[in-house]
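A look at the structure
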Amino acid sequence: MAEILCSTGALIGRPNGRDYRLLEQFSKQLNCDGFEFMIYSSWYGEIENLLSFLCSLKLNIPVVHCEKKIGESISIGGEDRFNTALDNFELNCKIAKEIGAKKLVLHLWDGIPSDGTFGNNLKIYPKLAEIALRYNQTLLVENVVCNNKDPMTRCLELINTYNDVKFVFDTKMAAFHQQIELLYSSDYTPYAKQIRHFHVNDYGGGFMDWANLRTLPVGRGNIDFKRFFEYVKSIGYNDTFTLESTAFDSNGIVDIEMLNNQILQVRGLIKL
């Protein structure tokens, strides 16, 4: 049965001090089926406190989103960066296992380096997959925006090298590169068959429009979500979806009503 998750990154960010304890009050106000827990590097020094708190909440957290600087370190490269990335990734895996998650979302490339040194990202993937397996996590590579080529090209390179690689498909990331339609093409069936999770976000800009690379609520951009969910239904996918649209303002106040409206809207689209 499909689960609609809310990303904790939509609730907890810099304006409210990235205080994970806020999740206790927010979780009681949201009508989602669970959460995708976003990890920040600033929490690495208090892992035990973080785990104790999260376990006490007894929330449904089937998906964890790895800290994004892991991918940037891999892209930059070098032995020290690789070792740091692998160590931090293992910490992320530990958190995921302890809070009951089964899926682990990773930006395999990120930051200004992005996919410019993709050989680094391609080379390290088996080590990441092996670590994830040890913690009983399904590693999912996200179709992160690129500044060298494009996400679909990079994902196909991964499949051609490691045919068991799994993916999370982010609608906003795809729309940024005008690649939503590629998902529906038979040419990309090998990729679609490997998708195990979806990020459902809108996008309001044009092709690689960096000034408008914002995560918008469904219906606030130009993505045809009716078409998207018809496709998802046609392939028999009935698993996890995460809403990531930023809900906090510059003062850290969270718009719970907007998120609940999003959840309701996506439930309706899933049932079409």
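A few points on the structure. Fair warning: this is a prediction, and the values are worked out from it, not measured in the lab.

With respect to the overall build of the chain
- Of the regular secondary structure elements, the chain holds 11 helices and 8 strands.
- Against the compact-globule benchmark of 19 Å for 272 residues, the chain has a radius of gyration of 18 Å, which places it among compact chains.
- With the principal axes as the frame, the chain shows a C-alpha extent of 45 × 45 × 35 Å.
- When each of the 272 residues of the chain is scored for burial, the buried share is 56%.
- Considering only residue pairs separated by 6 or more positions, the chain has 79% of its internal contacts joining residues 24 or more positions apart.

Considerations on helix H3 (residues 69–76)
- Within H3 the residues assigned to the buried category are Ile 70, Gly 71, Ser 73, Ile 74 and Ser 75.
- Those residues of H3 hidden inside the fold are in contact with helix H4 (79–98), strand E4 (103–106) and helix H5 (118–134).
- In the segment just after H3, Gly 77 is the residue with positive phi, at about 85°.

With respect to the layout of surface pockets
- Computed from the structure, the largest pocket encloses a volume of approximately 970 Å³.
- As for the largest pocket, its lining consists of 35 residues, of which Arg 18, Met 38, Tyr 40, Lys 68 and His 107 are closest to the centre.
- Of all elements in the fold, only H3 and helix H7 (171–176) reach the threshold of two or more residues within the lining of the largest pocket.

Concerning the sheet that holds strand E1 (residues 3–7)
- Strand order in the closed barrel formed by 8 strands is E1-E2-E3-E4-E5-E6-E7-E8, with parallel pairing between adjacent strands. Pairs of neighbouring strands in the sheet enclose a mean axial angle of 30°, with direction left out of account.
- Inspection of the sheet shows strand E7 (residues 195–200) paired to strand E8 (residues 240–243) by 3 bridges, in the parallel sense. Counted as the bridge partner of His 199 is Thr 242 from E8.

Quick word on unusual backbone geometry
- Not every positive phi belongs to a glycine, and Gln 178 is a case in point at roughly 55°.
- Relative to the elements of secondary structure, Gln 178 occurs in the loop between H7 and helix H8 (180–183).
- Here Met 208, not a glycine, exhibits a phi torsion of approximately 45°, which is positive.
- One can find Met 208 in the loop between E7 and helix H10 (225–234).
- A relative accessible area of 22% places Met 208 in the partly exposed class.

Examining the packing of H3 against H5
- Remark: H3 packs on H5, axes separated minimally by 8 Å, with the N-to-C direction vectors making an angle of 125°. As far as their axial angle goes, H5 and H3 are oblique. Where H3 crosses over H5, the two elements pack in a sense that is right-handed. Contacts between H3 and H5 involve Gly 71, Ile 74, Ser 75 and Ile 76 from the first element and Asn 120, Asn 121, Ile 124 and Leu 128 from the second.
- Here the residues of the contact of H3 with H5 are counted per class, giving 4 nonpolar, 4 polar and no charged.

With respect to the nonpolar core
- Of all hydrophobic cores here, the largest spans 97 residues; its most connected members are Phe 89, Leu 158 and Leu 183.
- Residues within four places of Leu 183 in sequence aside, it is in contact with Met 152, Phe 169, Tyr 191, Ala 192, Ile 195, Phe 198, Phe 228 and Tyr 231.
- Counting residues in hydrophobic clusters, the runner-up holds 5 residues, among them Leu 5, Val 63, Val 105 and Val 168.

Side note on the packing of aromatic side chains
- Using the criterion set out here, one finds 20 aromatic pairs in the structure.
- Centre to centre, the rings of Tyr 40 and Trp 43 are 5.1 Å apart; their planes meet at 80°, and the pair counts as edge-to-face.
- The class of Trp 43 is buried, set by a relative accessible area of 3%.
- Look at Phe 225 and Phe 229: their rings are 6.4 Å apart centre to centre, the planes differ by 35°, and that puts the pair in the tilted class.

Regarding H5
- Between its first and last C-alpha atoms H5 spans 25 Å; for 17 residues at 1.5 Å apiece the expected length is 24 Å, and the two agree.
- If you look at H5, its biggest bend is around 35°, right at Tyr 125, and the proline Pro 126 turns up within four residues after that.
- Turning to H5, its buried residues number three or more, namely Phe 118, Asn 121, Leu 122, Ile 124, Tyr 125, Leu 128, Ile 131 and Ala 132.
- For H5, the elements touching its buried residues are H3, H4, E4, strand E5 (138–142), helix H6 (151–161) and strand E6 (166–170).
- Once H5 ends, the next one or two residues include Asn 136, with phi positive near 60°.

A closer look at the pairing of E4
- Neither face of E4 is left uncovered, since the one carrying Lys 103 and Val 105 and the one carrying Leu 104 and Leu 106 both have all their residues buried.
- A crossover links E4 with its parallel partner E5, the connecting element being H5, and its sense is right-handed.

Cut-offs applied
Residues numbered from 1 in each chain as written. Predicted model: local features only at pLDDT ≥ 70, side-chain atom pairs only at ≥ 80, totals over all residues. Heavy atoms only, no water. Helix = DSSP H or I, 4+ residues; strand = E, 2+ residues; numbered from the N terminus. Rg over C-alpha atoms; globule rule 2.2 N^0.38 Å. Buried < 20%, exposed > 50% of the residue type's maximum accessible area, 1.4 Å probe, protein only. Contact = heavy atoms within 4.5 Å. 1 Å grid on protein atoms, 1.4 Å probe; cavity = no way out; pocket = protein on both sides within 12 Å on 5 of 7 lines; lining within 4 Å. Points joined across faces, edges and corners; volume = space filled by probe spheres on them. Pairing = 2+ DSSP bridges. Axes fitted to C-alpha atoms, helices over the stretch in contact; angles between N-to-C directions. Parallel < 35°, antiparallel > 145°, perpendicular 65-115°, else oblique. Left-handed = near helix turned anticlockwise from the far one by under 90°. Nonpolar A, V, L, I, M, F, W, Y, C, P; charged D, E, K, R; others polar. Core = buried A, V, L, I, M, F, W, Y, C linked by side-chain atoms within 4.5 Å. Phe/Tyr/Trp six-rings, centres within 6.5 Å; stacked < 30°, edge-to-face > 60°. Expected span 1.5 Å × (residues − 1). Bend = angle between axes of the 7 residues up to and from the residue. Right-handed = clockwise from strand over helix to strand, strands pointing away.

Don't take any of this as a statement about function, it's just geometry.
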